[in-house]
Amino acid sequence: METKTVNAYGTEKANAPLHSMNIQRRELLPHDIELEIHYCGICHSDLHQIKNDFGGTMYPIVPGHEIVGRVTKVGKHVNKFKAGDLAAVGCIVDSCGKCEYCQDDLQQFCDEGVTYSFNSPDKYLGGATFGGFSESIVTDEKYVLHMPETLDLAAAAPLLCAGITVYSPLKNWQAGPGKKVGTLGIGGLGHLAIKIAKAMGAYVVVFTTSPSKVEDAKCLGADEAVLSTDAEQMSKYARSLHFILDTVSTKHDVNTYLNMPRHDGSVVLVGLPPEPLSIGAFNVVVGRRSFSGSNIGGIAETQEMLDFCAKHNITADIELINIQQINEAFDRLEKGDVRYRFVIDMASLKK
Ligand code: NAP
Ligand code: ZN
Ligand code: ZN
């Protein structure tokens, strides 16, 4: 297969700095588009994967799955996009297209295994897929999203993973008027969960381990913000919420929150702590509560989320960096020192 060499940032092994490298992108197939990447967000999943937190990371790895930019070229059968269009690629770049999940636009659950935009087996070129810390990406138009023109493009990049990952469960568990929603953790996902749940009409209670974020949470739109290390405050929330979205990235005690939903309520995990979590039986048995999970969202739902965010003028609070600051950014993300998402200005790749 014909390929094109493009510049990217990645690493060959765990715990080694990312650096400039050349990678190959396939020449356009009839249904492919080429996207010049303008901005790419940095998700905690990028950090988990470069560190091989879950095992199975394929090196070299080029992370990045919150990708926005402009279409530069289209294949001869492309009809959704033309050169010059604003567009985006999120977490998914391929799936079988035939199984019941793909047919239902739930590509994230594809029976044959979804192809993520980075660190998945690349069906075309072999090796692993390379993500958005690069000049450009080539993707079948089925997996490319239309970016609303009204949103600030850099601040909208995190919607492509953080946004859809919280939108999908908030919608599925029916966050809306009359519902009290709890969110755990104010990071990239958590701060967007506050904004999106509020826009859906829910009453939002935020739980944070960081005293300095309590005031911020109110500015982000939360109705109440609780310091989760304060046992007295925490005890007031027993049996008071309908649904809790847990975005915490490291091992934590979910039992502290499992008594907070009312009967039939759920705690839904989207965070990916690498270690197993334990659950006290009485916390789910009493009140018929559920502990559940959710994985990103399908392509149609991602487009729906982008349109919802455009309608409600929702973007992430970002710190824009140059690609040369990437290793410092990952160190700071690991320490929880980001308000609330790093986004890379990919023009810096040419510096
Ligand atoms: P992030 O920006 O680092 O935010 C994580 C937040 O978790 C932190 O800001 C912190 O909030 C809280 N936290 C960290 N350590 C904690 C601890 N020991 N106890 C309690 N809270 C703690 O990360 P992110 O990008 O939002 O991603 C969050 C998680 O979701 C990651 O594991 C990521 O891999 C995962 N993820 C999953 C999906 C999916 O489809 N399921 C998609 C994207 C990301 P406070 O300071 O407010 O306490
Ligand atoms: Zn992500
Ligand atoms: Zn499928």
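Please refer to the structure higher up on the page.
Calculation rules
Residues numbered from 1 in each chain as written. Chains lettered and ligands numbered in written order. Predicted model: local features only at pLDDT ≥ 70, side-chain atom pairs only at ≥ 80, totals over all residues. Heavy atoms only, no water. Near = heavy atom within 4 Å. Polar contact = N/O pair within 3.5 Å; in protein donor to acceptor, adjacent residues only side chain to side chain. Areas by Shrake-Rupley, 256 points an atom, 1.4 Å probe, with all protein chains shown as cover. Helix = DSSP H or I, 4+ residues; strand = E, 2+ residues; numbered from the N terminus. Nonpolar A, V, L, I, M, F, W, Y, C, P; charged D, E, K, R; others polar. Domains from an automatic or database assignment. Axes fitted to C-alpha atoms, helices over the stretch in contact; angles between N-to-C directions. Parallel < 35°, antiparallel > 145°, perpendicular 65-115°, else oblique. Left-handed = near helix turned anticlockwise from the far one by under 90°. Contact = heavy atoms within 4.5 Å. Donors = N, O, S within 2.8 Å, 3.2 Å for Na, K, Ca; no water. Buried < 20%, exposed > 50% of the residue type's maximum accessible area, 1.4 Å probe, protein only. Phe/Tyr/Trp six-rings, centres within 6.5 Å; stacked < 30°, edge-to-face > 60°.

A few words now on the site of ligand 1. Near ligand 1 you find 29 residues, and of these H44, T208, T209, S210 and R341 are the closest. Contacts to ligand 1 include G188, whose backbone N or O atom sits 2.9 Å from an oxygen atom. Between ligand 1 and the protein, one listed contact pairs an oxygen atom with a backbone N or O atom of L272 at 2.9 Å. Starting from 920 Å² of accessible surface for ligand 1 in isolation, the protein chains cover 88%. The element that contributes the greatest number of residues to the shell around ligand 1 is helix α1 (residues 44-50), accounting for three residues. Its residues placed into classes, the shell around ligand 1 shows nine nonpolar, 17 polar and three charged. Both domains that meet at the shell around ligand 1, namely domain 1 (3-160 + 297-350) and domain 2 (162-293), each give it at least three residues.

Moving on to the packing of helix α4 (residues 162-172) against helix α5 (residues 188-200). Remark: α4 packs on α5, axes separated minimally by 9 Å, with the N-to-C direction vectors making an angle of 45 degrees. With respect to each other, α4 and α5 are oriented oblique. In terms of crossing hand, the pair formed by α4 and α5 is right-handed. Contact with α4, carried on its side by A162, G163, T165, V166, Y167, L170 and K171, involves G188, L189, L192, A193, I196, A197 and M200 of α5 and no other residues of that element. In the contact of α4 with α5, the residues fall into ten nonpolar, three polar and one charged.

In this structure, C43 (SG), H65 (NE2) and C161 (SG) serve as the protein donors to the zinc ion (ligand 2), at separations of 2.0 to 2.3 Å. Of note, the donors binding the zinc ion (ligand 2) are all from one chain and are spaced C-x21-H-x95-C. Here C161 lies in the loop between α3 (153-156) and α4 and H65 lies in the loop between α1 and β4 (67-74), a separation of 96 residues in the sequence. Overall, C161 belongs to the buried group, its relative accessible area being 5%.

The next thing to look at is the packing of aromatic side chains. Scanning all chains against the criterion turns up six aromatic pairs. Considering the side-chain rings of Y101 and F109, the 6.2 Å spacing of their centres and the 80 degrees angle between planes classify their relative orientation as edge-to-face. Under the relative-accessibility criterion, F109 is labelled partly exposed at 40%. Among the aromatic residues, those joined into a ring-pair cluster are F207, Y237 and Y257.

This part covers the packing of α4 against helix α10 (residues 299-311). In the contact formed by α4 and α10, the axes pass within 10 Å of each other and the chain directions differ by 95 degrees. Relative to α10, the element α4 lies roughly perpendicular. Every residue of α10 that contacts α4 at G163, I164, Y167, S168 and K171 is listed here: E301, T302, E304, M305 and F308. Across the contact of α4 with α10, the residue classes break down as four nonpolar, three polar and three charged.

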